[in-house]
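# Observations on the model geometry
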Amino acid sequence: MKFSAALAIAALTGANAFVAPQTSRAATQLAMSDYRTSVRDNVDVGVGGPLSSGVGGRDLAEIWDNSSPVIVQGGSLRTWSFANPAIESVQVLLKTEGRPLDADVELWQGPDNTPHKMRVYVEDGALRTFNAVIGTPRGPNTVAIRNIGQLEFPLDAVVRPDRDDGLAANIASVAQRSETIQGGALRTYPFDPSVDSVAIILKTDGRPLNARIELLQGPNNNKQVVELYTEDGLDRPFFAIVETPGSGNVVRVVNTAPVEFPLYASVDAYRVGGDGDWADDGLMIGRAF
């Protein structure tokens, strides 16, 4: 009898040896989020996601409210000098009262040395302000803004240091995916109508950076154009926020340098609106004109 009981216990123990252990699947923070922003991924940008309130959250309107803009009349030049070598980047914001914006932005470092320059055109400087961060390592540095428009087209300018948690950090937290654009090539990035603004980062591996950034809305309809030059795209990368109100917005990045000078571009949605006023066909609904 005892022998039979021992056989039964041994049989049960052997059966349990072949049962796979049940392990609990603990959730980790490495799981990829389902919220994606770029229309290039063929996804529909949702409402109330992490970008709906501006990730990292220094809002452009807040910068304008907390700053004292300088009026640059048509045909005139204004400069901002930063003698402190600890200032490694500065914010450059330009806007108008609704008139076109046409300006040259340059970084001066020493006599006859211009390591960074831009030509900026915006069709409507109130609807689409110009917002960028340029690198200013190894000061002193001077930022010069020349309004090359006519006297009837003044602009407002804000130039101030960018902190570690400032505009560049917000852009970098959003535009994390990059792709290589060879010299002479271009890339286009269409965006959903619910995307209010786009974050752009351009850099190189230390070679000069020559590029043109265009905001298109319709066939060959340029709403904003930035022609950019940087003598060292690694030391002085370019950060920008392009506002994209309405529908049919496409950001086009052109590498205007020869084939020996590739660049790395990161373009992604920065702020996503949650009002849902734009229908899929691009018609404005739910608002009084």
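Up top is the structure.
Definitions and limits used
Residues numbered from 1 in each chain as written. Predicted model: local features only at pLDDT ≥ 70, side-chain atom pairs only at ≥ 80, totals over all residues. Heavy atoms only, no water. Helix = DSSP H or I, 4+ residues; strand = E, 2+ residues; numbered from the N terminus. Buried < 20%, exposed > 50% of the residue type's maximum accessible area, 1.4 Å probe, protein only. Contact = heavy atoms within 4.5 Å. Areas by Shrake-Rupley, 256 points an atom, 1.4 Å probe, with all protein chains shown as cover. Arc of directions from axis to C-beta. Pairing = 2+ DSSP bridges. Polar contact = N/O pair within 3.5 Å; in protein donor to acceptor, adjacent residues only side chain to side chain. Axes fitted to C-alpha atoms, helices over the stretch in contact; angles between N-to-C directions. Salt bridge = Lys/Arg side-chain N within 4 Å of Asp/Glu carboxyl O. Phe/Tyr/Trp six-rings, centres within 6.5 Å; stacked < 30°, edge-to-face > 60°. Lys NZ or Arg CZ within 6 Å of the ring centre and 35° of its normal.

### Some thoughts on the overall build of the protein
Helices and strands together make up the secondary structure of the protein, namely three helices and 16 strands. Residue burial in the protein is summarised as follows: out of 289 residues, 43% are buried. Counted over contacts in the protein with a minimum sequence separation of 6, partners at least 24 positions apart contribute 81%. Looking at the protein as shown, the accessible area adds up to about 15,300 Å², and 53% of this sits on carbon and sulfur atoms.

### A few points about helix α3 (residues 167–174)
Considered for burial, the residues of α3 that qualify are L167, A168, N170, I171 and V174. Around the axis of α3, the buried residues are gathered within 160 degrees of arc, so they sit on the same side. Where α3 is buried, its residues contact α2 (60–65), β3 (89–95), β6 (130–135), β11 (195–203), β14 (238–243) and β16 (263–272).

### Examining the pairing of strand β12 (residues 209–217)
The buried fraction of β12 amounts to seven of the nine residues, a majority that puts the element mostly inside the structure. Where β12 lies against strand β13 (residues 222–230), eight bridges are found, and the strand directions are antiparallel. Across the sheet, A211 pairs through a bridge with L228, a residue of β13. The hairpin formed by β12 and β13 contains four residues between the paired strands, and G218 there has a positive phi angle of roughly 105 degrees. Relative to strand β15 (residues 249–255), β12 is paired through seven bridges, and the arrangement is antiparallel.

### A look at the environment of E214
Along the chain, E214 falls in strand β12. E214 gets classed as buried once you look at its relative accessible area, which sits at 6%. Along the chain, E214 and V251 lie 37 residues apart, while their C-alpha atoms are 5.7 Å from each other. Ignoring any residue separated from it by four or fewer positions in sequence, one finds E214 in contact with N222, Q224, V225, V250, V251 and R252. Engagement of the side chain of E214 in a polar contact is seen with the side chain of R212, the distance being 2.6 Å.

### Comments concerning the sheet that holds strand β7 (residues 141–147)
Ordered by their spatial adjacency, eight strands build an open sheet running β2-β7-β4-β5-β13-β12-β15-β10, and the pairing between neighbours is antiparallel. In this open sheet, the two edge strands, each paired with only one partner strand, are β2 (77–82) and β10 (186–190). When strand polarity is set aside, the average angle formed by the axes of neighbouring strands in this sheet is 15 degrees. Strand direction decides the pairing type here: β2 and β7, joined by six bridges, are antiparallel. The residue bridging F82 from the neighbouring strand is N141, located in β7.

### Things to note about the environment of V225
Positionally, V225 belongs in strand β13. Through-space distance from the C-alpha of V225 to that of E123 is 9.0 Å; in sequence the pair is 102 residues apart. If we skip the residues at most four places from it in the chain, V225 touches R119, V120, Y121, R212, I213 and E214.

### Some thoughts on the pattern of salt bridges
Side chains carrying opposite charge are able to pair once their charged atoms draw close together. Enumeration according to the criterion identifies ten salt bridges in this entry. The salt bridge partner of R187 is E179, with a shortest N-O separation of 3.7 Å. Overlapping salt bridges, with partners in common, bring together R138, E231, D235 and R236 in one network.

### Section: the packing of aromatic side chains
Here a ring pair, both rings aromatic, is described through the centre-centre distance and the interplanar angle of the planes. The full count for this structure, using the stated rule, is zero aromatic pairs. Above the face of the W64 ring, K95 is positioned so that its terminal group lies 4.4 Å from the ring centre.

None of the figures reported here should be taken as evidence of function without further support.
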